[in-house]
Number of protein chains: 2
Amino acid sequence: MLLLSLIIAEAALETVPKSIAKHPSVVKQASKIGKRADEMLLDRSYHHSAMLKLKDTWKRGRPDLVHFTLLEATSTPLYQKNMLKVYVHTTANKAIFLNENVRLPKSYFRFAGLMEELFKNRKLRSNSDVLMELKDMEFCDLIGKLRPTKVIGLSRIGVKSSAEEVAKIVNSDTVIVVGGFPRGHFSSNVSMKIKYTYSISDLALEAHVVIARILYECEKILFK
Amino acid sequence: MLLLSLIIAEAALETVPKSIAKHPSVVKQASKIGKRADEMLLDRSYHHSAMLKLKDTWKRGRPDLVHFTLLEATSTPLYQKNMLKVYVHTTANKAIFLNENVRLPKSYFRFAGLMEELFKNRKLRSNSDVLMELKDMEFCDLIGKLRPTKVIGLSRIGVKSSAEEVAKIVNSDTVIVVGGFPRGHFSSNVSMKIKYTYSISDLALEAHVVIARILYECEKILFK
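Residues numbered from 1 in each chain as written. Chains lettered and ligands numbered in written order. Predicted model: local features only at pLDDT ≥ 70, side-chain atom pairs only at ≥ 80, totals over all residues.

Bringing the overall build of chain A into the picture now. Helix and strand content of chain A: 9 helices and 8 strands. For chain A, the C-alpha radius of gyration of 17 Å lies close to 17 Å, the compact-globule estimate for 224 residues. The C-alpha extent of chain A, read off along each of the three principal axes, is 55 × 40 × 30 Å. Taking all contacts inside chain A whose residues are at least 6 apart in sequence as the whole, residues at least 24 apart take part in 76%. (Helix = DSSP H or I, 4+ residues; strand = E, 2+ residues; numbered from the N terminus. Rg over C-alpha atoms; globule rule 2.2 N^0.38 Å. Contact = placed C-beta atoms within 7 Å.)

Written out as structure tokens, the structure is:
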């Protein structure tokens, strides 16, 4: 059976870095929700002024965006029929391994709570089953572990194509890589591991739209 | 030019009804966020116990779900190129008219804030432009106002088809109707106005997945 993998790469998902944990906007929110600052998700909606000091700040602190991309991927029949593995690789070089049949909450509050638990305990369980696992891992280590036959990146600056055409060249053990950040392109650490990069629209599509389209076209071929 | 309309029908989006505004779970959250109870969005994540008393409770209080369906629709090239009009019809018979080029926030907190403002003031503006408008309107009134040539519903209990096939029968002034509720089917008030109802998958797809797929297939035809 064909098994497809999706990596949401350089995803803007992390806990508040120690370097800004004492910034007033961070301390204020932590006290409001009764959490330790460095156990909260970094979120531009709350921490914009604190984030100005961070390296690559424009690529970080968008857990809302990662939430949508993950919901998009896990809502597909491909994932529900265990024909798709989903991974998140983060800007801070963590890798999240989603197990089969994970049903993510649509409520952002609940999603954020789960992610905070994952970053703290490195594993999320439901009864005895592991739902997700967090590992320290660079993008190249994740690719090394998956050992795909083909790595396809989707990016606006890729070769002009369409979701339909890209789905046709997907074969067993292909990894599809979509950026989990709000703006910009893959960093060199990621792009050096991607052999083929395609753009599936003339317009700049949101990551969740790219995921919806490519997985749908793959499904059409696989379910034929 | 072909102009397609999407109605997210019986959407689980409303403010807290007066009948449960004094329930402890509602009062507690209102006090926490410093808002009047009846100006907050009804949200099952917080108000589950209060909602048990409500009629059709299982169809209500899921603004997170409506947020995701709206983001899916407004993130498409069809909407961005002004070839798609988007409407939300709510369980409490309000209709929300989205204007062109509305960019909804991905942050749920910001989305909820905008919706609360819309329910309060009936109009959302950015400078002098009206972004959205809320009107008291039953589903049949909304259809009457749009005067479509064809109304197509998408529902798991419709005639078995595919997004590709349904897109082929879309023509000028077609309205596509997708349910904005977590479970169940269209109520009779809605289904009586829908001439053709199709199911585009063997599996129960989330509303946002249905929207992503049908709009993508329409776009493929329209952009050819």
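Anyway, onward from the coordinates.
Take the pairing of strand E1 (residues 4-11) of chain A next. Residue and element names in this part refer to chain A. Taking burial as the measure, the 8 residues of E1 include 7 buried ones, the bulk of the element. Alignment of E1 against strand E2 (residues 84-90), held across 6 bridges, turns out to be parallel. Bridge assignment links isoleucine 8 to a residue of E2, and that residue is valine 88. Taken together, the 5 bridges between E1 and strand E7 (residues 174-179) define a ladder with parallel strand orientation. Looking at the pairing, leucine 6 lines up with isoleucine 176 of E7. (Buried ≥ 20, exposed ≤ 12 C-beta atoms within 10 Å, placed from the backbone. Pairing = 2+ DSSP bridges.)

Here we take up the sheet that holds E1 of chain A. Residues and elements named next belong to chain A. In space, the 8 strands of this open sheet follow the order E4-E5-E3-E2-E1-E7-E6-E8, with mixed pairing throughout. The sheet is open, and its two edges are formed by strand E4 (123-126) and strand E8 (196-199), each paired on a single side. Pairwise comparison of adjacent strand axes, ignoring direction, gives a mean angle of 25° for this sheet. Seen against the sheet, helix H5 (residues 108-121) touches strand E3 (94-98), E4 and strand E5 (129-136) and runs at an angle of roughly 120° to E4. In the packing of helix H9 (residues 207-222) onto the sheet, the strands contacted are E1, E2, strand E6 (150-160) and E7, and the crossing angle to E7 comes to about 160°. (Axes fitted to C-alpha atoms, helices over the stretch in contact; angles between N-to-C directions.)

Residue and element names in this part refer to chain A. Domain boundaries assigned for chain A yield domain 1 (4-13 + 60-222) and domain 2 (18-57). Computed over C-alpha atoms, the centres of domain 1 and domain 2 are 25 Å apart. Contacts between the two partners involve 9 residues from domain 1 and, on the opposite side, 11 residues from domain 2. A total of 4 residues in the side of domain 1 that touches domain 2 trace back to one element, the largest contributor, which is H5. (Domains from an automatic or database assignment.)

Moving on to the relation of the copies chain B and chain A. Rotating chain B by 180° and moving it 0.0 Å along the rotation axis overlays it on chain A with an RMSD of 0.0 Å. Within this description, the copies of the chain are treated as partners about a two-fold rotation axis. (Least-squares fit on C-alpha atoms with pLDDT ≥ 70 in both.)

Quick look at the nonpolar core now. In terms of nonpolar packing, the biggest core is built from 129 residues, with Leu6, Val178 and Ile214 of chain A together with Leu6, Val178 and Ile214 of chain B touching the most fellow members. Contacts of leucine 6 of chain B, omitting those with residues within four sequence positions, involve Ala73, Leu84, Val86, Ile176, Val178 and Ile211 of chain B. (Core = buried A, V, L, I, M, F, W, Y, C linked by C-beta atoms within 7 Å.)

Bringing the confidence of the model for chain A into the picture now. Residues of chain A with pLDDT of at least 70 account for 99%, and the chain-wide mean is 94. Interface scoring of the predicted complex returns ipTM 0.95; its pTM is 0.96. (pLDDT = per-residue confidence, 0-100.)

Turning to the interface of chain B and chain A, a few remarks are in order. Chain B puts 21 residues into the contact, and the matching count from chain A is 21 residues. At the level of secondary structure, the elements contributing two or more residues to the side of chain B that touches chain A comprise helix H3 (63-74), helix H4 (77-80), helix H5 (108-121) and helix H9 (207-222) of chain B. Looking at the side of chain B that touches chain A residue by residue, the class counts come to 10 nonpolar, 6 polar and 5 charged. (Nonpolar A, V, L, I, M, F, W, Y, C, P; charged D, E, K, R; others polar.)

Next up on the list: the environment of lysine 135 of chain B. Residues and elements named next belong to chain B. Tracing the backbone through its elements, the reader meets lysine 135 in strand E5 (residues 129-136). The exposure class assigned to lysine 135 is partly exposed, which follows from the 13 C-beta atoms found within 10 Å. Spatially, the C-alpha atoms of lysine 135 and glycine 61 are 19 Å apart, while their sequence positions differ by 74 residues. Lysine 135 has contacts with Lys94 and Ala95, leaving out every residue within four places of it along the chain.

Relative to the elements of secondary structure, aspartate 64 of chain A occurs in helix H3 (residues 63-74). When the C-alpha atoms of aspartate 64 of chain A and arginine 44 of chain A are compared, they prove to be 9.6 Å apart, with 20 residues separating the residues in sequence. With sequence-adjacent residues up to four places away left out, aspartate 64 of chain A is seen in contact with Tyr108 of chain A together with Lys106, Ser107 and Tyr108 of chain B.

In this section: the environment of aspartate 64 of chain B. Looking at aspartate 64 of chain B, the number of C-beta atoms within 10 Å reads 26, which means it is buried. Sequence separation between aspartate 64 of chain B and serine 45 of chain B is 19 residues, and the spatial gap between their C-alpha atoms is 9.5 Å. For aspartate 64 of chain B, the residues in contact, after removing those within four places along its chain, are Lys106, Ser107 and Tyr108 of chain A together with Tyr108 of chain B.

Residues and elements named next belong to chain A. For asparagine 82, which is not a glycine, the phi torsion comes out positive at approximately 60°. Tracing the backbone through its elements, the reader meets asparagine 82 in the loop between helix H4 (77-80) and E2. Looking at asparagine 82, the number of C-beta atoms within 10 Å reads 11, which means it is exposed. Despite not being glycine, asparagine 101 shows a phi value in the positive range, around 60°.

Turning to H9 of chain A, a few remarks are in order. Each α-helix winds once per 3.6 residues, and so residues spaced three or four apart point in a common direction. Its 16 residues give H9 of chain A an end-to-end C-alpha distance of 22 Å, which sits within 8% of 22 Å, the value for a rise of 1.5 Å per residue. For H9 of chain A, the tally of buried residues reaches 13 of 16 residues, placing the bulk of the element in the interior. (Expected span 1.5 Å × (residues − 1).)

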